[in-house]
Amino acid sequence: MDEIFEKVQTLVDRYEEVSEMLSDPAVIGDTKRFMALSKEEGSLRETVDTFKRYQAVIANLEDDKEMLKEKLDADMEELTKEEIKDLTNQKAEFEDQLKIMLLPKDPNDDKNIIMEIHGAAGGDEAALFAGNLYEMYSRYAEKQGWTIQIIDENRTEIGGYKELVLMIQGDNVYSKLKFENGAHRVQRVPETESAGRVHTSTATVGVMPEYEDVDIKIEDKDLRVDVYRSSGAGGQHINKTSSAVRMTHLPTGVVVAMQDQRSQQQNRAKAMEILKTRVYNYYASQNEAEYSEMRKTAVGTGDRSERIRTYNYPQNRVTDHRIGLSLNKLDRIMNGELEDVIDALVIADQAAKLEELKN
């Protein structure tokens, strides 16, 4: 624990340094620096508070042990021993919390995300399920205080989605939704099924962190821009002009379609923002083969046998196959109550990282 103590003490020292800097008029006058330091202070606060509580437990534990060396009556001795037992348990709990807090953090955890949902195996039923997943994530985002925006969509005639691209913005979006990457399998009786048989279909979900102000230059010669008439939501006004934009980055083949904004100029600006993020992800992956493998690993092929999670409607059950978690409350989960699933995935990830550190 000495090594952990030293690491946390370094964070405490930095927290106090940052807090002092935030009261400096020169820093207050520099908006960008002030915001960056405020964000850093916020990220350190929980660890510092936990460490201070841990230190208080240690101090109380030492005091109680000293008391036991004195001559106490039987009742006081029993009470002190019980308190030592309780404080020892608290000490162990705080140590576990601090170990987790000191795990290397994913640098993308506090980023907004671009989410892609595709209807995969199962035809119309897969497209309908893609729509159900969109509603689930929308309700969860609302509970978190996030904003969700449709960037591009390809609706089916029966109301589902062949493809849906979303921007989700808020606090720590990627940290909570990064585990949603993969094939989601649904088992239920489709509305069109007259015989009442249960069908299995899939939709794939891809999650990418949004990179703001990425240091990447996209040359005009490397870009093909197509404009077309928007479809879907927006009413008559949005369909009168060719306001939708499709951008293709020729060197990488990355494509972004944008029709959510009212004007072609707005759609161009938003499409370029998304394109930069995708191209950045592409180059960050070193080469096309690695990029393709990363995307394949992230969302799979959508085959029914590939799944990270199964949504079984007849039994009102959701099962996450990666951690063996089954919950009989599918109705509540589809209503956006994803906390139990996401928390379990985060804990499993932390446990795996702690195990790696031990080895």
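Structure first, text after, so check above.
Everything numeric in this text was worked out from a predicted model, so none of it was measured.

**Q** I'd like to hear about unusual backbone geometry, residue by residue, with values.
**A** One non-glycine residue with positive phi stands out, namely Asn-172, at about 55°. Since its relative accessible area comes to 37%, Asn-172 is described here as partly exposed. Phi at Asn-316 is positive, roughly 50°, even though this residue is not glycine. Looking at the secondary structure, you find Asn-316 in the loop between strand 9 (309-312) and strand 10 (317-320). For Asn-316, a relative accessible area of 26% gives the class partly exposed.

**Q** Any details on the pattern of salt bridges? Residues and values, ideally.
**A** In this structure the tally under the stated criterion is 18 salt bridges. For Glu-153, the salt bridge is made with Arg-155, and the minimal N-O distance between the two is 3.5 Å. Relative accessible area serves as the criterion here: at 12%, Glu-153 is assigned to the buried category.

**Q** Give me the lowdown on the layout of surface pockets, citing residues and values where you can.
**A** Of the volumes computed, that of the largest pocket is approximately 1400 Å³. Along the walls of the largest pocket sit 37 residues, with Lys-105, Asp-109, Asp-110, Asn-172 and Ser-175 positioned nearest its centre. Among the elements of the structure, helix 3 (31-68), helix 4 (74-101), helix 5 (123-144), helix 6 (173-177) and helix 11 (339-358) are those that each provide at least two residues to the lining of the largest pocket. For the lining of the largest pocket, the element with the most residues is helix 11, which contributes eight residues. The residue inventory of the lining of the largest pocket, partitioned by class, reads eleven nonpolar, ten polar and 16 charged. When we break the lining of the largest pocket down by domain, the ones giving at least three residues each are domain 1 (1-102) and domain 2 (113-213 + 304-358).

**Q** If you had to explain helix 5 to someone new, which residues and values would you point to?
**A** For helix 5, with 22 residues, the first-to-last C-alpha span of 32 Å sits near the 32 Å given by 1.5 Å per residue. At the exit of helix 5 stands Gly-145, carrying a positive phi of roughly 80°.

**Q** Lay out the packing of aromatic side chains in plain terms, naming residues and giving numbers.
**A** Counted according to the given criterion, the structure contains four aromatic pairs. Between Phe-51 and Tyr-54, the aromatic rings sit 6.3 Å apart at their centres with planes inclined by 25°, giving stacked as the arrangement. Residue Phe-51 and its partner Tyr-54 are both found in helix 3; the two are separated by three residues, about one turn of the helix. Residue Phe-51 shares its accessibility class with Tyr-54, and that shared class is buried. Between Tyr-134 and Tyr-161 the ring centres are 6.0 Å apart and the planes differ by 75°, which places this aromatic pair in the edge-to-face class. On the criterion of sequence distance, the pair formed by Tyr-134 in helix 5 and Tyr-161 in strand 3 (residues 161-169) is long-range, its members being 27 residues apart. For Arg-188, the ring lying beneath its charged end belongs to Tyr-313, and the centroid distance is 4.9 Å.

**Q** Describe the sheet that holds strand 10, and please don't skip the residues or the numbers.
**A** Reading across the sheet, the eight strands line up as 2-3-1-5-4-9-10-11 and stay open at both edges, with mixed pairing between neighbours. In this open sheet, the two edge strands, each paired with only one partner strand, are strand 2 (147-155) and strand 11 (325-327). Going across the sheet, the axis of each strand differs from the next one's by a mean of 15°, ignoring polarity. With three bridges joining them, strand 10 and strand 11 adopt antiparallel strand pairing. Bridge pairing in strand 11 places Thr-319 opposite Ser-326.

Conventions and cut-offs
- Residues numbered from 1 in each chain as written.
- Predicted model: local features only at pLDDT ≥ 70, side-chain atom pairs only at ≥ 80, totals over all residues.
- Heavy atoms only, no water.
- Buried < 20%, exposed > 50% of the residue type's maximum accessible area, 1.4 Å probe, protein only.
- Helix = DSSP H or I, 4+ residues; strand = E, 2+ residues; numbered from the N terminus.
- Salt bridge = Lys/Arg side-chain N within 4 Å of Asp/Glu carboxyl O.
- 1 Å grid on protein atoms, 1.4 Å probe; cavity = no way out; pocket = protein on both sides within 12 Å on 5 of 7 lines; lining within 4 Å.
- Points joined across faces, edges and corners; volume = space filled by probe spheres on them.
- Nonpolar A, V, L, I, M, F, W, Y, C, P; charged D, E, K, R; others polar.
- Domains from an automatic or database assignment.
- Expected span 1.5 Å × (residues − 1).
- Phe/Tyr/Trp six-rings, centres within 6.5 Å; stacked < 30°, edge-to-face > 60°.
- Lys NZ or Arg CZ within 6 Å of the ring centre and 35° of its normal.
- Pairing = 2+ DSSP bridges.
- Axes fitted to C-alpha atoms, helices over the stretch in contact; angles between N-to-C directions.

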